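One letter stands for each residue in the lines below.
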Amino acid sequence: MAQDFGRALNDQQDDIVAAARKKAILLCERVIGDHNLESRLKRLEQVAWRESTSRTDGVRIDFEKIKQALSAMGPGCFGVKRGNYYAEVYPHIVGRMTLADAFWTAAEQGTNSKAGTLIHEASHWTAVRGTDDHAYGDAIKKLAFAQSRNNADTIEAIAESYDV
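Residues numbered from 1 in each chain as written. Predicted model: local features only at pLDDT ≥ 70, side-chain atom pairs only at ≥ 80, totals over all residues. Heavy atoms only, no water.

Peer 1: So what about the overall build of the chain? Which residues, and what values?
Peer 2: Secondary structure summary: the chain contains seven helices and four strands in total. N-terminal to C-terminal, the α/β element order of the chain is β-α-α-α-β-β-β-α-α-α-α. Along the longest, intermediate and shortest principal axes, the C-alpha atoms of the chain span 45 × 30 × 25 Å. Across the 164 residues in the chain, those meeting the buried criterion constitute 49%. Taken as a whole, the chain presents about 8100 Å² of accessible surface, with 49% of it coming from carbon and sulfur. Of the side-chain charges in the chain, 21 are positive and 23 negative, and the distance between the mean point of each set is 3 Å. (Helix = DSSP H or I, 4+ residues; strand = E, 2+ residues; numbered from the N terminus. Buried < 20%, exposed > 50% of the residue type's maximum accessible area, 1.4 Å probe, protein only. Areas by Shrake-Rupley, 256 points an atom, 1.4 Å probe, with all protein chains shown as cover. Lys, Arg positive; Asp, Glu negative; His and termini not counted. Charge placed at Lys NZ, Arg CZ, Asp CG, Glu CD.)

Peer 1: Tell me about the packing of aromatic side chains, residues and numbers included.
Peer 2: For the structure on display, the rule yields two aromatic pairs. Between F5 and Y90, the aromatic rings sit 5.3 Å apart at their centres with planes inclined by 80°, giving edge-to-face as the arrangement. Of the two residues, F5 is situated in the segment before β1 (7-8) and Y90 in the loop between β3 (87-88) and β4 (97-99); the sequence distance between them amounts to 85 residues. F5 gets classed as buried once you look at its relative accessible area, which sits at 11%. Under the relative-accessibility criterion, Y90 is labelled partly exposed at 23%. Summarising the aromatic geometry, the rings of F103 and W104 are spaced 4.9 Å apart at their centres and angled 90° between planes, so their arrangement reads as edge-to-face. For F103, a relative accessible area of 0% gives the class buried. Geometry around Y162 places R40 over its ring, the cationic atom sitting 3.8 Å from the centre. Here R96 stacks its cationic end above the ring of F5, 4.1 Å away from the centre of that ring. (Phe/Tyr/Trp six-rings, centres within 6.5 Å; stacked < 30°, edge-to-face > 60°. Lys NZ or Arg CZ within 6 Å of the ring centre and 35° of its normal.)

Peer 1: So, the side chain of T56: which residues are in play, and what are the values?
Peer 2: Relative to the helices and strands, T56 resides in helix α3 (residues 53-71). Leave out the neighbours within four places in its chain, and T56 touches L37, E38, L41 and W49. (Contact = heavy atoms within 4.5 Å.)

Peer 1: Residue-level account of unusual backbone geometry, with values.
Peer 2: The residue N112 is not glycine, and still its phi comes out positive at about 55°. With respect to the helices, strands and loops of the structure, N112 is situated in the loop between α4 (101-104) and α5 (114-124).

In structure tokens form, the structure reads like this:
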């Protein structure tokens, strides 16, 4: 079965996505380079975090993979569809993302941002992290550690905590 990535971006959409992708890469760099990442993760009330250097290193690795995947994407890697959601990917197809109606009205900064959406979706790619959607928004606070660690909205929340 062929995957449907929607129609191509127009020039205005292309500019919006380029800015969001640039910011998403910057947020990934902030996570990767944070020498106090473990402390920050423990303070984030959205994240069920267990103290462990290896787990913190794992988060850095995840964000490095997300950064690499987003850095490799260009304008032709994004499609547009109508729908009351932000975006979608096919987990086995790295580098292709479809953006929907909610993406275009998403915030420029903070929670549920355009950049956060790109990070969220990139984390779904199996070659990157292979996250699931166990919970969204405040519901991620109730996830057990294992589910929190493998939840795309948790990854997004970590990144967006650096968007100040």
